[in-house]
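A closer look at the structure
Below are the chains, spelled out letter by letter.
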Amino acid sequence: MAQTEHYILNMGPQHPSTHGVLRVKVELDGERIVHCTPVMGYLHRGIEKLMESRTYTQCVPFTDRLDYVSSMNNNWAFCGAVEKLAGIEVPERAEYIRVICAELNRIASHQVFIGSLLIDLGAATGMIYAFRDREKVLDLFNIICGARMTCHYIRIGGVIKDAQDEFLKETQKFVDYVPQMLQEYDNLFTGNEIFMERLKGTSIITKEDALRFNMSGPNIRASGHEYDIRKIDSYGVYDRFDFQVPTGTKGDNWDRYRIRFEEIRESARIIQQALDSIPAGPYMAKVPKVLKPAKGDVYHRVENTRGELGFYIVSDGTTKPYRVHIHRPSFINLQALDTMCKGLLLADAVAAYATVDPLMGEVDC
Amino acid sequence: MEVVDIVPPELKDNVIVTSVDALFKWARGNSIWPLSSGLACCSIEMMCSAAARFDLARFGYEVFRSCPRQSDLLIVAGTLTWKMTPPLIRLYEEMPEPKYVIAMGNCNIGGGPFSDSYSVVKGLDQILPVDIYLPGCPPRPEALIDAMLKLKKKIQHPEVARRAE
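In this report, we go over the structure that sits alongside the text. Being a predicted model, the structure only gives us computed values, none of them experimental.

What counts and how
Residues numbered from 1 in each chain as written. Chains lettered and ligands numbered in written order. Predicted model: local features only at pLDDT ≥ 70, side-chain atom pairs only at ≥ 80, totals over all residues. Pairing = 2+ DSSP bridges. Helix = DSSP H or I, 4+ residues; strand = E, 2+ residues; numbered from the N terminus. Contact = placed C-beta atoms within 7 Å. Axes fitted to C-alpha atoms, helices over the stretch in contact; angles between N-to-C directions.

**A closer look at the sheet that holds strand S4 (residues 132-134) of chain B**
The strands that make up a sheet are held in pairs by hydrogen bonds between backbone atoms, and each pair lies either parallel or antiparallel. Residue and element names in this part refer to chain B. Taken together, the 4 strands give an open sheet; going across it, the order is S1-S2-S3-S4, and neighbouring strands pair in parallel fashion. Sheet topology places strand S1 (34-35) and S4 at the edges, where each strand pairs with a single neighbour. Looking at chain direction, strand S3 (residues 100-104) and S4 are connected through 3 bridges and run parallel. Paired with Met-104 across the two strands is Leu-134, which belongs to S4. The strands touched by helix H5 (residues 141-156) within the sheet are S3 and S4, with S4 carrying the most contacts at an inclination of about 170°.

So, in C-alpha cells, the structure goes:
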C-alpha cells in the first residue's frame, strides 16, 4: 500500500472560527485530523506583570479585559481575593447585587457562545438571535454602571453604585422573558437535523480525560462531573439559593451545548431568588483609602462562565501586590483540544473549538 | 462648452452627469467590505454592531469578509501585540487597493491600559497607516458606526478630510 505524507495545515491567527487570535497547527491524514497543536500568545499583554506595578484598586480594570465577555465574574474573583487578604467584610446587599450581576453576565456570555457556535457551523441567523437577546442584558449593565462590556462595577468591598429600583425592575422583566427566549432558541435550532448530526457524538472527552486535563466549568460538567465552585466551595451568598448543576453524560459537543443552555435557565432561577430576597442596607464596606493588606498570600476562586477562575495574590505589606497569578479556565480547557480533535474530520474541528469556548484574552492573559 | 450641455434637453431630468472618479468614490463609500479581524474585546462590540440592534447593514457595511483579498477595510479591533504584528501586516498587504484602516479602541491609539506593557504595540500607526482613530475601551457600536460614516466622508471627499487635519 502506498504511503502518503501527513499534511500540515495552519489555522489562524486570522481565522473566522478561532474566536480571536488562536492559531492551530493541524496535522492531516487526508481529511482526518492526526494531531492538532494550539499556538498561543498572540494576545499576551502581560497582565500579571502589569498588576505588580499597580495598587490593588487599580488592578481591578485589568480583570475586565481578561475574559471580556464576563467581566463581572472576573471583577468578583479579584475583589474576593483582595477582600480575603485584607479581611474586608462585604455588606449583605452588595453580595446580592454581585450575584445578580454575575449571573446576568453568565447569561450574556453563554449567548455569545451560542451565537458563535452557530455562526461557526454556518447558521448565521442564530447569531442574530443570540446577540439580539444579549443586548437586553447589556442594557441592564448600562443602567447599573454605564458600561456595556467591561463594567468595572464590582469593587473591593462591595459595588461602586447602588442598584436602583429601575435596574431591579428591568432585571425582573428580563428574567420573566428568559423561558420564552430559550423556547425560541429551541424552536429555531435545537431540533435541527444538521445541527444535531454535527454535534452529537463528535469530539468526546471522557470522564477520565476531563479530570486528567484538569478541566473546569461547563466542559467538565458535560463529561459527567458535578463540579461547580458555586456548590462545592461556595462563595458570596450562593449557599442561600436553590439551583441545579446541569451535567452531561457523554461529554460530546452536544452535551457541552446543552449544558450551557440549561445553565441560562438556572442562572435565571438564581437571579429570581436574589431579586425576591435582596435586603436593604449599605452597598459598600468601609475600605481604607490606601489599601495595605498584611504580608501573606491568598487564593480565591470563583465559578467563571468558563470554569474555575482563581487569583493567587502574594502581598508584601505594601500598596501593590508582590505577585499575582491568574488561574485561567480557558487556558486549561484548551489543552484538551488535541484529544478532542483526533480522528475527526477537519470541518468538525471548528465545532470543537467553539464548544470548548476559549477566550483568547483569558488564554494569553 | 459645459459638460452638462451634451445631454439632450429631453433627458435632462433623467440623466446625471458626473466624472468616473466621483462615481467610484460615491460607490466605494457606500459599500465598504470590512475584514473580520477581531483581536480582543473590541471584536465583540464589532460583532454587536453587525447584529440585530445596531445593524450595520443599514449603511451597506455588513459584508464582513474573512479573506483579506475580498475586503477593503481593516478594522483592527483589540489589543495589538508584537507577536501579532507580522500576521497583521501580511493581512494588510494582501488586501487590494484602495484600502483603509480603522484603529478601534484605545489600545490601537496609544496602547490604552496596557501602554506600559512589554508586549503591546503602543499605537497601530507605528506599523500601519491609519485612516480613522476610534477611542473607547471598548468603543460602543454607535461609535464604530460613526467611525465608518466618517470614513465614508473621507472616501467620498478626500480634500475635505485633508483640510480638517
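**So, the interface of chain B and chain A**
Between chain B and chain A, the contact holds 31 residues from the first and 27 residues from the second. When contributions to the side of chain B that touches chain A are tallied by element, the ones reaching two or more residues are helix H2 (41-50) and helix H3 (85-94) of chain B. A per-element tally of the side of chain B that touches chain A places H2(B) first, with 6 residues.

**Some points on the pairing of strand S2 (residues 23-29) of chain A**
All names here are of chain A. As paired strands, strand S1 (residues 7-11) and S2 are joined by 5 bridges and run antiparallel to one another. For Met-11, the partnering residue across the bridge sits in S2 and is Val-24. Here S2 pairs with strand S3 (residues 32-39) via 7 bridges, running antiparallel. In the strand pairing of S3, Arg-23 is matched with Val-39. Counted between consecutive antiparallel strands, the loop separating S2 from S3 contains 2 residues, among which Gly-30 sits at a positive phi close to 70°.

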